[in-house]
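Summary of structural features
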Amino acid sequence: PGEGEVLIKIGATSLNGADIRIMRGSPSMVRLGTGIRSPREPIRGKDVAGTIVAVGPRVFGRSVGDRVVGELPGGGLAEYVVAYSSKLTSIPDDVDDKTAASLPLAGGTAWQALESVNTDKDASVLVIGAGGGYLLFRYVLTGMLNRQLEEAEKEAQVIKEKKLLEVKEKFLNK
């Protein structure tokens, strides 16, 4: 590993929509950041958990044997990957690699979304179009943050039922 980098033996990786979009190069704007003709990082797997097996110069707070997780540009489907130490966080002892590898992109997105709404403790949050890993983490983080969350489908159904009642009333009152 180079300066500030560590070599990780991959314990688990998770694939998500970002990996698919990068490999397909779609939408086309993705190619500007990830490679025009083909992905700059040919080995996919952005979310990685594993054990540090080598430490480069000027790495502080990390040692061989530390279990870490992070979101990388790719490489998670390999046996080993080099990553900047600053892009990683430690995995608690009671969390396995598979669980840890599922966290970076989906969990980070859910966390950022819930933090960005800046609500009070008892506020409600409506999330539209959530799915996949994000949906799971949204529920977990919402519970942790003690925020009440309404499902978009339920809201849509209530609105639909109200509209239907209004139409019926107008029709019957004529």
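Residues numbered from 1 in each chain as written. Predicted model: local features only at pLDDT ≥ 70, side-chain atom pairs only at ≥ 80, totals over all residues. Heavy atoms only, no water.

Points about the overall build of the protein
Our working rule: Starting at the N terminus, helices and strands are each numbered in turn, a helix being any DSSP run of H or I of at least four residues and a strand any DSSP run of E of at least two. Burial here depends on accessible area, computed with a 1.4 Å probe over protein chains only, as a share of the maximum for the residue type. Under 20% is buried, over 50% is exposed, and the range in between is partly exposed. Surface accessibility follows the Shrake-Rupley procedure with a 1.4 Å probe radius. Residue values consider only the protein chains on display as shielding.
A tally of helices and strands in the protein yields six helices and seven strands. Starting at the N terminus and ending at the C terminus, the protein contains elements arranged as β-α-α-β-β-β-β-α-α-β-α-β-α. Considering the protein as a whole, with its 174 residues, one finds that 33% of them fall into the buried category. Only carbon and sulfur atoms are counted for the fraction: they give 56% of the accessible area of the protein, which is about 11400 Å².

Notes on the side chain of R62
Using the following cut-off: We score Asp and Glu as negative and Lys and Arg as positive, and we do not count His or the chain ends. A side-chain nitrogen of Lys or Arg and a carboxyl oxygen of Asp or Glu constitute a salt bridge if their distance falls within 4 Å. We call two N or O atoms a polar contact when they sit within 3.5 Å, provided that within protein one can donate a hydrogen and the other can accept it, with sequence-adjacent residues counted only if both atoms are side-chain atoms. In this description, contact between two residues means that some pair of their heavy atoms is separated by no more than 4.5 Å.
Within the secondary structure layout, R62 lies in the loop between β2 (47-55) and β3 (67-71). The buried charged residue R62 lacks any salt bridge, with D66 as its nearest oppositely charged partner at 5.1 Å. Polar side-chain contacts of R62 include one of 3.0 Å to the side chain of S90. Discounting chain neighbours no more than four positions away, the residues touching R62 are I52, V55, V68, S85, L88, T89 and S90.

A few points about the layout of surface pockets
Just so we agree on the cut-off: Definitions used throughout: a 1 Å grid over protein atoms alone; a cavity as a set of points that fits a 1.4 Å probe which cannot get out; a pocket as an open set with protein on both sides within 12 Å along at least five of seven lines; a lining residue as one with an atom within 4 Å of a point. Grid points are joined across faces, edges and corners, and a volume is the space filled by probe spheres set on the points. By the convention adopted, Pro, Cys, Tyr, Trp, Phe, Met, Ile, Leu, Val and Ala count as nonpolar, Lys, Arg, Asp and Glu as charged, and the other residues, Gly among them, as polar.
Computed from the structure, the largest pocket encloses a volume of approximately 200 Å³. In this structure, the largest pocket is lined by 13 residues; those nearest its centre are V69, T89, A100, L103 and P104. Elements with a minimum of two residues in the lining of the largest pocket: β3, β5 (88-90) and α3 (97-101). With three residues, β3 is the single largest residue contributor to the lining of the largest pocket. A per-class count over the lining of the largest pocket returns seven nonpolar, four polar and two charged.

A look at the side chain of S14
Of note, S14 is situated in strand β1 (residues 5-14). Separated by 2.7 Å, the side chain of S14 and the backbone oxygen of A101 make a polar contact.

Notes on the environment of I20
Its place among the elements puts I20 in helix α1 (residues 17-24). Take I20: its relative accessible area is 46%, and that puts it in the partly exposed class. With 25 residues separating them along the chain, I20 and G45 place their C-alpha atoms 9.8 Å apart.

Re the nonpolar core
Rules: Among buried residues, the Ala, Val, Leu, Ile, Met, Phe, Trp, Tyr and Cys ones that are joined through side-chain atoms within 4.5 Å form a nonpolar core.
In this structure, V6, I8, I10, V48, I52, V59, V68, L72, V81, A83 and L88 together form the largest nonpolar core, which totals 11 residues. Breaking this core down by element, the ones donating at least two residues are β1, β2 and β4 (80-84). With three residues, β1 is the largest single contributor of residues to this core. Excluding anything up to four places from it in sequence, I10 contacts V48, A49, G50, G76, A78, E79, Y80 and V81. Grouped together as the second largest cluster of nonpolar side chains are six residues, A49, V69, I91 and A100 included.

Observations concerning the pairing of β2
As a reminder of what qualifies: Criterion used throughout: strands pair if DSSP finds at least two bridges between them.
As paired elements, β1 and β2 share eight bridges and run antiparallel to each other. Of the residues in β2, the one forming a bridge with S14 is D47. Bridge analysis of β2 against β3 gives five bridges, and the strand direction is antiparallel. Following the sheet pairing, D47 is matched in β3 by E71.

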